[in-house]
Amino acid sequence: MDSKHNTFSFETTLDYKPESEKDLAGIVCLQNESFNYVFGVTKKGKDTYVLLERTENGQSEIIASKKIEIMGAIRLQVKAAGDNYQFSYALNGANFENLGTGVSGDVLSTNVAGGFTGALVGLYATASNNAILK
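Predicted model, so just to flag it, every value in this text is computed and none were measured.

About the cut-offs
Residues numbered from 1 in each chain as written. Predicted model: local features only at pLDDT ≥ 70, side-chain atom pairs only at ≥ 80, totals over all residues. Heavy atoms only, no water. Salt bridge = Lys/Arg side-chain N within 4 Å of Asp/Glu carboxyl O. Helix = DSSP H or I, 4+ residues; strand = E, 2+ residues; numbered from the N terminus. Phe/Tyr/Trp six-rings, centres within 6.5 Å; stacked < 30°, edge-to-face > 60°. Buried < 20%, exposed > 50% of the residue type's maximum accessible area, 1.4 Å probe, protein only. Polar contact = N/O pair within 3.5 Å; in protein donor to acceptor, adjacent residues only side chain to side chain. Pairing = 2+ DSSP bridges. Axes fitted to C-alpha atoms, helices over the stretch in contact; angles between N-to-C directions.

Asks: Sorry if this is basic, but what is going on with the pattern of salt bridges here?
Replies: Side-chain pairs of opposite charge can arise where the charged atoms are in close proximity. Taken as a whole and judged by the stated rule, the model has 4 salt bridges. A salt bridge links arginine 75 to glutamate 11; its shortest N-O distance comes to 2.3 Å. Within this pair, whereas arginine 75 is found in strand S6 (residues 74–81), its partner glutamate 11 is found in strand S1 (residues 7–14), the two being separated by 64 residues in sequence. Lysine 66 serves as the salt-bridge partner of glutamate 97, at 2.5 Å between the closest nitrogen and oxygen.

Asks: Hey, could you run me through the packing of aromatic side chains in this one?
Replies: Within a pair of aromatic rings, the relevant descriptors are the distance that separates the centres and the angle that separates the planes. Counted according to the given criterion, the structure contains 3 aromatic pairs. Centroid distance phenylalanine 8 to tyrosine 85: 5.8 Å. Interplanar angle 75 degrees. Geometry classified as edge-to-face. Of this pair, phenylalanine 8 sits in strand S1 while tyrosine 85 sits in strand S7 (residues 84–90), placing them 77 residues apart in sequence. On the basis of relative accessibility, which here comes to 9%, the residue tyrosine 85 falls in the buried class. An aromatic cluster is defined as three or more aromatic residues linked by ring pairs; in this entry it consists of Tyr37, Phe39 and Phe87.

Asks: Where do I start with the side chain of arginine 54 in this structure?
Replies: Within the secondary structure layout, arginine 54 lies in strand S4 (residues 47–56). In this structure arginine 54 comes out as buried when scored by relative accessible area, which is 17%. In this structure the side chain of arginine 54 is engaged in a polar contact, spanning 2.6 Å, whose partner is the side chain of tyrosine 37.

Asks: For this particular structure, what's the right way to read the pairing of S4?
Replies: The side chains of a regular strand alternate between both faces of the sheet. A large share of S4 lies buried, amounting to 8 of its 10 residues. Examined bridge by bridge, strand S3 (residues 35–44) and S4 share 9 bridges and lie antiparallel to one another. What sits directly across from threonine 42, in S4, is tyrosine 49. Here S3 folds back onto S4, and the loop between the two strands holds 2 residues, one of which, glycine 45, carries a positive phi near 60 degrees.

Asks: Please clarify how the sheet that holds strand S5 (residues 59–68) should be interpreted in this entry.
Replies: Two orientations exist for strands paired in a sheet by backbone hydrogen bonds: parallel and antiparallel. In spatial order, the strands read S5-S4-S3-S2-S10; together these 5 strands make up an open sheet with antiparallel pairing. Each edge of the open sheet is held by one strand with a lone partner, namely S5 and strand S10 (120–126). Between one strand axis and the next, the sheet turns through 25 degrees on average, direction left out of account.

Asks: Whenever I open this one, unusual backbone geometry confuses me. Can you help?
Replies: The bulk of non-glycine residues show a negative phi, and the bulk of peptide bonds are trans. With a phi close to 55 degrees, asparagine 57 is a non-glycine residue in the positive phi region. In this fold, asparagine 57 is placed in the loop between S4 and S5. Under the relative-accessibility criterion, asparagine 57 is labelled exposed at 57%.

Following this line, the structure appears as structure tokens:
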């Protein structure tokens, strides 16, 4: 039996408004602390943003972000088809909008990141966000 699953979708609904730039909540696609994607909601000044941050070899970079107006819950979704990952969000509960273009899941592979457990997908929250929106 093959236990590899490289096609999946994961979704969550957040009833969340960050109070500061240090607050961030959403989804993490994780191989380990040095190789991952964080997709979530944070603040810059008085504005709220949805962002996608890629960490490779411990170096983090925001690869996509968009200013949003949260009126209620926000839905976050990640879909993977092999090595292609797409991150999207819905502010109205139904119409998903892609954040940026699809990205490679290569940083989540054991070939690149090492390890032996494979990648994990789950919920993420921090009050120590250090992602700098420009």
